[in-house]
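Each chain, written out:
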Amino acid sequence: MTKRLTEVAKKAGVSEATVSRVLNGREGVSEATRTAVLTALDVLGYERPTKLRGERARLVGLVLPELQNPIFPALAEVVTGSLAQRGFTPALCARTIGGVSEMDYVEMLLDHQVSGVIFAGGSYALADARHDHYRRLTDRGLPVVLVNAGVDELGFPRVSTDDAVAVEQAYGHLRSLGHERIGMVLGPEGHVPSRRKLTAMIQAAGWADDEFVERSSFSMEGARVAATKLVERGVTGIICASDVLALGAIRAARRLGRAVPADVSVVGFDDSAFMTCTDPPLTTVRQPIETMGQAAVDLLVTQIEGAGVLHDELLFEPELVVRGSTGPAPGR
């Protein structure tokens, strides 16, 4: 108990006596100090006293699928900074292989009486995944915002990049360079953003089948296998659902003895960190992460403050960034 008082007092920047008064529900403590103590208690992982558990902390969960893909740390930086400016303490929850699942994180966040949760790249984007833990949040009336497209029936506010515009930009760029056999490396079959990209491509290219589409997990090695099949079918331009997939596609072309972009052009999606440093620098469609992250926080705080819920999906227009991984089609 003494150790807990000391740690909470240090975290909140108050005396141990003040912490004790807050935990025992005594008077003589300002609301700001009381909030600081309770937030410190939540951040340090201590349970609130029973009589205080009914109150939500000024703690907001940010649940990410990983931190290896640079786009997710970039989003975390925007969201955590924006939350701090609003007086909320961010709790970063990044899933790992064989580690804590998204469902487990939801339970932990509920136990800590968070004020709301922002999800990015979660199982909400997979049509065939389990969604029970999201419904638990709905049942609790907890404010939630999803970043990028998810299954419609969940009903949460969404902040998304316009996948159709992204594909139109990438496809138009490759066509302008003379590419006619253009393929796609997308995420799993049930991945909603990938579905949207495929629908846009079918409309733009007038495809009658999916001959030039390969699916992959969002890993470089998975993309290498998928892109190898496309290059062997004679594809000269490849549009990928992420920068990581695009790097895998470049690796596939090189292992087949093809040069990028002389023989095969590759377009990524995200414009995550260090894509200017790859060999060659990656042409990609940039997600407006800063704008989207701030919008997600705005939507969440609006819900927390009881100003209503916007159930519409906010679509943000991406931007094509042309670098060295795309060039004229072979023979031009």
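Residues numbered from 1 in each chain as written. Predicted model: local features only at pLDDT ≥ 70, side-chain atom pairs only at ≥ 80, totals over all residues. Heavy atoms only, no water.

**Q** Give me the lowdown on the packing of aromatic side chains, citing residues and values where you can.
**A** On inspection of all chains with the given rule, the structure shows three aromatic pairs. Note on Phe119 and Tyr134: the rings are 5.2 Å apart at their centroids and 80° apart in plane angle, and the pair reads as edge-to-face. Here Tyr134 lies in helix α6 (residues 132-140) and Phe119 lies in strand β3 (residues 116-120), a separation of 15 residues in the sequence. An identical accessibility class is assigned to Phe119 and Tyr134; each is buried. Centre to centre, the rings of Tyr124 and Tyr134 are 6.1 Å apart; their planes meet at 75°, and the pair counts as edge-to-face. Taken together, the positions of Tyr124 in the loop between β3 and α6 and Tyr134 in helix α6 put the pair 10 residues apart, joining distant regions of the chain. We classify Tyr124 as buried; its relative accessible area is 1%. Relative accessible area serves as the criterion here: at 0%, Tyr134 is assigned to the buried category. Chaining the aromatic ring pairs together yields one cluster made of Phe119, Tyr124, Tyr134 and Phe156. (Phe/Tyr/Trp six-rings, centres within 6.5 Å; stacked < 30°, edge-to-face > 60°. Helix = DSSP H or I, 4+ residues; strand = E, 2+ residues; numbered from the N terminus. Buried < 20%, exposed > 50% of the residue type's maximum accessible area, 1.4 Å probe, protein only.)

**Q** Break down the side chain of Lys197 for me, with residues and values.
**A** Here Lys197 is to be found in helix α8 (residues 192-205). Within the local environment of Lys197, its side chain forms a polar contact with the side chain of Asp163, the two groups lying 2.6 Å apart. The contact partners of Lys197, leaving out residues within four places of it in the chain, are Asp163, Val167, Met184, Leu186, Ala241 and Phe269. (Polar contact = N/O pair within 3.5 Å; in protein donor to acceptor, adjacent residues only side chain to side chain. Contact = heavy atoms within 4.5 Å.)

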